[in-house]
Amino acid sequence: MTEDPFVAHRSLLFTVAYEMLGSAADAEDVLQESWLRWAGVDHAQVRDPRSYLVRTVTRQALNRLRTLNRSREDYVGEWLPEPLLTSPDVAEDVELAESVSIAMLTVLETLAPVERAVFVLREVFDVPYAEIAEAVGRSAATVRQIARRARAHVAARQPRVRVSRAEQQAVLERFLAALRTGEIRDLMDVMAPDVVMVADGGGLAAAARVPLHGAGPVAALLSRVDRSASRTTIVWLNGAPAARIDTDGRPVTVSLVVADGRVSRIYASANPHKLTRLDEPVALAR
């Protein structure tokens, strides 16, 4: 028996949905809905199952994204994507690792739903414009225009500063060492002067409700973190080295953006609803 195409491409389909939604739970729901639609078609009539399934998942994700955008307007504090535990192998595909990074997914939140779908399908998965047009219900010419607009939007908000895994991990270790001391000077030394920290507690965990700007304010906040009962572990999140900090059984994840040997952005996720997938690596693919 040959493997069902949905099963064979499941990691790809999950990645498409996750990059469009920023939520693993919602991505799983989209895959369930897409599976039901796939089960109801005559597979013998589908010439290219992979493309068909990607289009199906895209349509379902677009429907879900429009609903989520309305609900996220009422979210308490800053909204960050759900961090995923990944294997180090994800980082081997530089484009994939960049596309699923917390930094990139946060930028994608600023796109309109169709713009996000077009950007993800074209820039990450290299789907032909004609197929994207069919998935989003627009003409190929319109999709090309949307793609150009989305690329410019993302480029203006997410400059491509690529660092090696070794440098990323080295800066992360320096940051965590400074965090353990709690000394403001140590923290400021490892951060860029214009560092930005974004925290997501969702109203369920302690977190700053607006982004903090500048090494001074960020260091002052981090110096007050309770370190007495905390255990810090370096883990791979969204294709990059990151930190998991457990305090009294409550996890917090910290993902960093590194530029010029210093921390330029900090993403801290404390919302417990988004931290349920930290014990088993998630398979991502394109």
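Look up a bit, the structure's there.
Here's what I pulled together on the structure shown here.

Rules of the game
- Residues numbered from 1 in each chain as written.
- Predicted model: local features only at pLDDT ≥ 70, side-chain atom pairs only at ≥ 80, totals over all residues.
- Heavy atoms only, no water.
- Helix = DSSP H or I, 4+ residues; strand = E, 2+ residues; numbered from the N terminus.
- Contact = heavy atoms within 4.5 Å.
- Core = buried A, V, L, I, M, F, W, Y, C linked by side-chain atoms within 4.5 Å.
- Buried < 20%, exposed > 50% of the residue type's maximum accessible area, 1.4 Å probe, protein only.
- Pairing = 2+ DSSP bridges.
- Axes fitted to C-alpha atoms, helices over the stretch in contact; angles between N-to-C directions.
- Polar contact = N/O pair within 3.5 Å; in protein donor to acceptor, adjacent residues only side chain to side chain.
- Parallel < 35°, antiparallel > 145°, perpendicular 65-115°, else oblique.
- Nonpolar A, V, L, I, M, F, W, Y, C, P; charged D, E, K, R; others polar.
- Salt bridge = Lys/Arg side-chain N within 4 Å of Asp/Glu carboxyl O.
- Expected span 1.5 Å × (residues − 1).

**Observations regarding the side chain of Ser264**
Move 1: Position of Ser264 relative to the elements: it lies in strand 6 (residues 262–269).
Move 2: Ser264 has contacts with Ala192, Asp194, Val195, Val196, Val257, Val258 and Ala259, leaving out every residue within four places of it along the chain.

**Some points on the nonpolar core**
Move 1: Phe14, Met20, Leu108, Val118 and Val136 are the most contacted members of the largest nonpolar core, which has 51 residues in total.
Move 2: Looking at this core, the elements with two or more residues in it are helix 2 (10–21), helix 3 (24–39), helix 4 (49–72), helix 6 (102–108), helix 7 (113–124), helix 8 (129–136) and helix 9 (140–157).
Move 3: Each residue touching Met20, except ones within four places of it in the same chain, is listed here: Thr58, Ala61, Leu62, Leu65, Arg116, Ala117 and Val120.
Move 4: Within the second largest apolar cluster, 24 residues are counted, among which are Phe175, Val190, Val195 and Val218.

**Some details on the pairing of strand 6**
Along any regular strand, the residues point their side chains to alternate faces of the sheet.
Move 1: Within strand 6, six of the eight residues are buried, which leaves the element mostly enclosed by the surrounding structure.
Move 2: Bridge count for strand 1 (residues 191–200) against strand 6 is six bridges, and the pairing is parallel. Bridge assignment links Val196 to a residue of strand 6, and that residue is Arg265.
Move 3: Across seven bridges, strand 5 (residues 250–259) lies against strand 6 in antiparallel orientation. Its bridge partner being in strand 6, Val258 is matched across the sheet by Val263.

**Remarks on the sheet that holds strand 4 (residues 240–247)**
Move 1: If you walk across this open sheet you meet the six strands as 2-1-6-5-4-3, and the pairing is mixed. The sheet is open, and its two edges are formed by strand 2 (212–213) and strand 3 (230–237), each paired on a single side.
Move 2: Along the sheet, helix 10 (residues 165–181) makes contact with strand 1, strand 3, strand 4, strand 5 and strand 6, crossing strand 4 at roughly 25 degrees.
Move 3: Those strands touched by helix 12 (residues 215–222) are strand 1, strand 2 and strand 6, and its axis lies near 50 degrees from that of strand 1.

**With respect to the environment of Arg265**
Move 1: Tracing the backbone through its elements, the reader meets Arg265 in strand 6.
Move 2: Polar contacts involving the side chain of Arg265 include one to the side chain of Tyr267, which spans 2.8 Å.

**Quick word on the pairing of strand 4**
Move 1: Most of strand 4 sits inside the fold, with seven of its eight residues counted as buried.
Move 2: The sheet contact formed by strand 3 and strand 4 spans eight bridges and is antiparallel. Among the inter-strand pairings, Leu237 is bridged to a residue of strand 4, identified as Ala240.
Move 3: Where strand 3 folds back onto strand 4 in an antiparallel hairpin, the turn is made up of two residues, including Asn238, whose phi is positive at roughly 50 degrees.
Move 4: As judged from the five bridges shared by strand 4 and strand 5, these two strands associate in the antiparallel manner. Note that in strand 5 the partner of Ile245 across the bridge is Val252.
Move 5: Here strand 4 folds back onto strand 5, and the loop between the two strands holds two residues, one of which, Asp248, carries a positive phi near 55 degrees.

**Here's the deal with the packing of helix 7 against helix 9**
Move 1: Viewed as axis vectors pointing N to C, helix 7 and helix 9 meet at an angle of 90 degrees, and their least axial separation amounts to 9 Å. Between helix 7 and helix 9, the angle is such that the two are roughly perpendicular. Contacts between helix 7 and helix 9 involve Val114, Glu115, Val118, Phe119 and Glu123 on the former and, on the latter, Val143, Ile146, Ala147, Arg149, Ala150, Arg151 and Val154.
Move 2: Here the contact of helix 7 with helix 9 is built from residues that sort into eight nonpolar, no polar and four charged.

**Re the environment of Ala283**
Move 1: Tracing the chain through its elements places Ala283 in the segment after strand 6.
Move 2: The partly exposed category is assigned to Ala283, whose relative accessible area is 47%.
Move 3: C-alpha separation for the pair Ala283 and Thr15, spaced 268 residues apart in sequence, amounts to 8.3 Å.
Move 4: Once residues within four sequence positions are removed from consideration, Ala283 is found in contact with Ser11, Phe14 and Thr15.

**Section: the pattern of salt bridges**
Move 1: Counted by the stated rule, this structure contains 19 salt bridges.
Move 2: The residue Arg10 makes a salt bridge to Glu28 at a minimum N-O spacing of 2.6 Å. Of this pair, Arg10 sits in helix 2 while Glu28 sits in helix 3, placing them 18 residues apart in sequence.
Move 3: Take Arg10: its relative accessible area is 35%, and that puts it in the partly exposed class.
Move 4: By relative accessible area, which is 23% here, Glu28 ends up partly exposed.
Move 5: Residues joined by salt bridges that share partners form a network here, namely Arg10, Glu28, Glu82 and Arg277.

**Here's the deal with helix 7**
Move 1: Look at helix 7: 16 Å from first C-alpha to last across 12 residues, which is about the 16 Å you get at 1.5 Å a residue.
Move 2: Counted residue by residue, helix 7 has 10 buried out of 12 residues, so it is predominantly covered.
Move 3: The secondary structure elements touched by the buried residues of helix 7 are helix 2, helix 4, helix 5 (94–99), helix 6, helix 8 and helix 9.
Move 4: Two residues or fewer after helix 7 comes Asp126, characterised by a positive phi angle close to 55 degrees.

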